[in-house]
Amino acid sequence: MPGCSLVQSLCRPDGARVCVPSRPIPPLTLSLLLPLFLLLLQLHGSAAAAASSPCPRFCECSEPPTRVKCVNRQLSSIPSDIPAGVERLFITGNSISTLGAGAFGQRLEHLLNLNLSDNKIESIEALAFASMPSLRQLDLSNNRISTLHPEAFGGAGGGVASPHSLQELNLSRALLNGSVAEQVSDLLQNGSLANLVHLEMSDNDLFYMPARAFSRLTSLRQLQLRNNSFVSFRDTFQDLNLQLLDLRFNALKTLGNGTMAELSSQPQLRVDLRDNPFVCDCGLKDFRAWLQSTDKVVEKDSLLCSSPESLGNKPVLQARYSDLQCSFQGDMESALQTSYVFLGLVLALIGVIFMFVLYLNRKGIKKWLNNFRDACRDHMEGYHYRYEINSDPRLTNLSSSSDL
């Protein structure tokens, strides 16, 4: 082509010719461009596959189907044809009682957010969520789970499960009752949720958690336990490094020294203890002293005494140590006095009954006493006769002769 030197002429689709350099592309440039080209091909193939995946029946999908919603459709099971490229999946307001190992049909490599709230779920079996290696958020709230397999997120090889990618787990109002606490503890302790950052377990009527239930959650930063029925804790918060612990609306009357030590050992922790029925007696002295010295308790000035009546609704920190008294001794004396009075009444009743029985059998008793007296008198006369014979030699010889 005239005017082009050291170039190569090419034809465009419109027939025009262009000049391009004829120098070969350096090998270094090829080595950098080739991986980029392969990556573009892979992304194009994934997008094409996702675009060609049909939307499940009774569900709504985005285009391409990276977001799928199956809401309030009265589904009894998880749709089997969920697009492989889905990233956010919402299946809520249905009647799915059981989640088994193959409940989601295929492996969902790209799934990040799964919402299964309000589905009346009762049982979650082993490996139910193992097909979601990229899952970050799981919402199981508003269900009635009574069976929760400890290997729901993966099998345990050598006794310890491989860590799942899950970071946020919502179990608020998800458990049937507090008896499921043992199963939840087994799930949390098997190592599969080591990457969990936020755990929500509010509104479950839990009254206890097994010791060290959260100790394997080394990445946990936020733990929500509000609106349950916890009275106390035992080795519950060991080996944690929390930033937020919500214990509002429970049944805490005080905190034990062990629990206070566990909370104090976590440098970034902020704990919320409001709306608990603290009993301001002698058992609260250590807790009050810790409360006064720590900066970990949120709005600690708003913690109120629920009893005794004289300190009702008074801030815990405003209660004087002289006011934190136990009525144990007075109550014990009162209880002993009541017991003595009751024992006296019982003994008096027994005495009255005994005297009444004696009165009814007075004739028989009199006859028995007379017979007993006669028998004793005859016996004594026999002893007296033998004594007289032994003491008088003449009577002894006479007795011997009469024997001959």
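Coordinates for the structure precede this section.
Just so you know, the residues in each chain are numbered from 1, in the order the chain's sequence is written. In keeping with the predicted nature of the model, local features appear solely for residues at pLDDT of at least 70, side-chain atom pairs appear and are counted solely at 80 or more, and the whole-chain, interface and lining totals rest on all residues. Side-chain numbers here rest on the full set of heavy atoms in the structure, without hydrogens or water.

Colleague: Requested: an account of the packing of aromatic side chains, with residues and values cited.
Modeller: The pairing test for Phe, Tyr and Trp rings, Trp by its six-membered ring, is centres within 6.5 Å, and the orientation test on the planes gives stacked under 30 degrees, edge-to-face over 60, and tilted for anything in between. Applying the stated rule across the entire model yields 8 aromatic pairs. Consider the rings of Phe-278 and Phe-287, whose centres lie 5.2 Å apart with planes at 20 degrees: the pair is stacked. Like Phe-287, Phe-278 is buried. Taken together, the aromatic side chains of Phe-104, Phe-129 and Phe-153 make up a single cluster linked through ring pairs. Exposure classes here rest on a 1.4 Å probe applied to the protein chains alone. A residue is buried below 20% of its type maximum, exposed above 50%, and partly exposed in between.

Colleague: Describe the state of the cysteines, naming the residues involved and giving the relevant values.
Modeller: Cysteine sulfur atoms are paired as a disulfide whenever they fall within 2.5 Å. In this structure the tally under the stated criterion is 4 disulfides. Cys-282 shares a disulfide with Cys-326; S-S distance 1.6 Å. In this structure the cystine formed by Cys-282 and Cys-326 twists about its S-S bond by roughly -85 degrees; its chirality is therefore left-handed. Residue Cys-282 is located in the loop between β18 (278-279) and α4 (285-293), and its partner Cys-326 is located in the loop between β19 (305-307) and α5 (328-360); the two are separated by 44 residues in the primary sequence. For Cys-282, a relative accessible area of 35% puts it in the partly exposed group. Runs of H or I in DSSP of at least four residues are treated as helices and runs of E of at least two as strands, each being numbered from the N terminus.

Colleague: Which residues make up the sheet that holds strand β8 (residues 123-124), and what values go with them?
Modeller: Spatially, the 3 strands line up as an open sheet ordered β6-β8-β10, and their pairing is parallel. Where the open sheet ends on each side, the last strands, each with one partner, are β6 (98-99) and β10 (147-148). By this definition, two strands are paired if DSSP reports at least two bridges between them. Where β6 and β8 come together, 2 bridges link them in parallel fashion. Residue pairing for β8: Thr-98 is matched across the bridge by Ser-123.

Colleague: Tell me what's going on with the packing of helix α3 (residues 257-264) against α4, and back it up with residues and numbers.
Modeller: Inter-axis angles, ranging from 0 to 180 degrees, are taken between N-to-C directions of lines fitted to C-alpha atoms, where helices are fitted over the stretch in contact. The interhelical angle for the contact between α3 and α4, taken along N-to-C directions, is 15 degrees, at an axis separation of 10 Å. For the element pair α3 / α4, the angle class is roughly parallel. By crossing handedness, the relation of α3 to α4 is classed as right-handed. Judged by residue contacts, Asn-257, Met-260, Leu-263 and Ser-264 of α3 engage Asp-286, Phe-287 and Trp-290 from α4. Just so you know how the angles are binned, under 35 degrees is roughly parallel, over 145 roughly antiparallel, 65 to 115 roughly perpendicular, and the rest oblique. Put simply, a crossing is left-handed when the front helix is turned counterclockwise from the back one by less than a right angle, and right-handed when it is turned clockwise. Any two residues having at least one pair of non-hydrogen atoms within 4.5 Å are treated as being in contact.

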